[in-house]
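# Analysis of the macromolecular model
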Amino acid sequence: MRRLLIAVILCCLCSLSAFAQVKYCLSYADFQEGNWIELDTLKLKGRAQNQRIKTDNDSLNKVLKDEAFAVLYHDTLLVNKAHMYYNGERFGKGYAPAYIYGNGQICFVSRLPHEQAGSGAPAIFAFGVMFGAIGAGLVAGADAASSQGNHCFLVKREYEGGRKEARMIDDKFMEKFEKNSPDFYAEYMSVKKKNKRESAAHLLPLLQDWQLIH
């Protein structure tokens, strides 16, 4: 019964994807200003927090791989980790599931840069081909939240030339909520082990419950 239900949901998502809007932007500034470029088709393939995005146009594929900042498929937001750094380390290539944090910042889910090679969730099927990108986005988001190895990051700034800096939502970041939102902070601190407390498995549902991301 459960497998049948999942199959029905995925079929519905496939049908919905035909009417979804597909678009991308080239920079963080373009994202903030709503400067999007529309796409006709989109395929996703890869790991949950390392999606590969392709179209039927080779030139456009190069832009999406190396130059684009984010892709939006209906309500699924994906951020390009190419040229994205954390503490001087580069994340690598591929797109990560992302959300809008607060008043417009981007929160994305990924492993730490030095943990990405040869690690992560098992590779998923090419959902862009099988079920449409909405299905892929939902699967990616669910897997990202369930993995203890993933963390939540905020895009901090973008420099001229395309280099982007990210900061992790960790204990230090969360300290600012201690006085202003003590209940939220207490719920965050309810997990005693630091590595589990800072993981996306704990933090992402918490941010969603308190409507800090959408």
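In what follows, the structure referred to is the one given above.
Residues numbered from 1 in each chain as written. Predicted model: local features only at pLDDT ≥ 70, side-chain atom pairs only at ≥ 80, totals over all residues. Heavy atoms only, no water.

### Examining the packing of aromatic side chains
- Under the defined criterion, the tally for this structure stands at twelve aromatic pairs.
- On the basis of an interplanar angle of 25° and a centroid distance of 5.2 Å, the ring pair of Tyr28 and Phe69 is categorised as stacked. Of the two residues, Tyr28 is situated in helix 2 (residues 28–33) and Phe69 in the loop between helix 3 (58–66) and strand 5 (70–73); the sequence distance between them amounts to 41 residues. Exposure class is identical for Tyr28 and Phe69. Each is buried.
- Over the ring of Tyr85 we find Arg163, and its NZ or CZ is 3.7 Å from the ring centre. (Phe/Tyr/Trp six-rings, centres within 6.5 Å; stacked < 30°, edge-to-face > 60°. Helix = DSSP H or I, 4+ residues; strand = E, 2+ residues; numbered from the N terminus. Buried < 20%, exposed > 50% of the residue type's maximum accessible area, 1.4 Å probe, protein only. Lys NZ or Arg CZ within 6 Å of the ring centre and 35° of its normal.)

### As for the side chain of Arg197
- Tracing the backbone shows Arg197 in helix 9 (residues 194–197).
- For Arg197, the side chain forms a polar contact with the main-chain oxygen of Lys192, separated by 3.0 Å.
- Setting aside residues no more than four positions away along its own chain, Arg197 makes contact with Asp171, Tyr188, Met189, Val191, Lys192 and His202. (Polar contact = N/O pair within 3.5 Å; in protein donor to acceptor, adjacent residues only side chain to side chain. Contact = heavy atoms within 4.5 Å.)

### Focus on the pairing of strand 5
- Burial along strand 5 is two-sided: the residues Ala70 and Leu72 and Val71 and Tyr73 are all buried.
- Two elements, strand 5 and strand 6 (residues 76–80), share four bridges in a ladder whose sense is antiparallel. For Val71, the partnering residue across the bridge sits in strand 6 and is Leu78.
- Linking strand 5 to strand 6, which pair antiparallel, is a turn of two residues; within it His74 sits at a positive phi near 55°. (Pairing = 2+ DSSP bridges.)

### Here's the deal with a positive patch on the surface
- Residues Arg52, Lys54, Lys65, Arg90 and Lys93 make up a contiguous surface patch of positive charge.
- With respect to the secondary-structure elements, Arg90 resides in strand 8 (residues 89–90). (Patch = residues over 30% accessible without salt bridge, like charges linked within 9 Å, V, L, I, M, F, W, Y side chains within 5 Å. Areas by Shrake-Rupley, 256 points an atom, 1.4 Å probe, with all protein chains shown as cover. Salt bridge = Lys/Arg side-chain N within 4 Å of Asp/Glu carboxyl O. Lys, Arg positive; Asp, Glu negative; His and termini not counted. Charge placed at Lys NZ, Arg CZ, Asp CG, Glu CD.)

### Digging into the state of the cysteines
- Summed over the entire model, instances satisfying the criterion amount to zero disulfides.
- The thiol sulfur of Cys107 is not disulfide-bonded, and the nearest other cysteine sulfur, from Cys152, lies at 4.5 Å.
- For Cys107, a relative accessible area of 0% translates into the label buried.
- According to the relative accessible area criterion, Cys152 is buried, its value standing at 0%. (Disulfide = S-S within 2.5 Å.)

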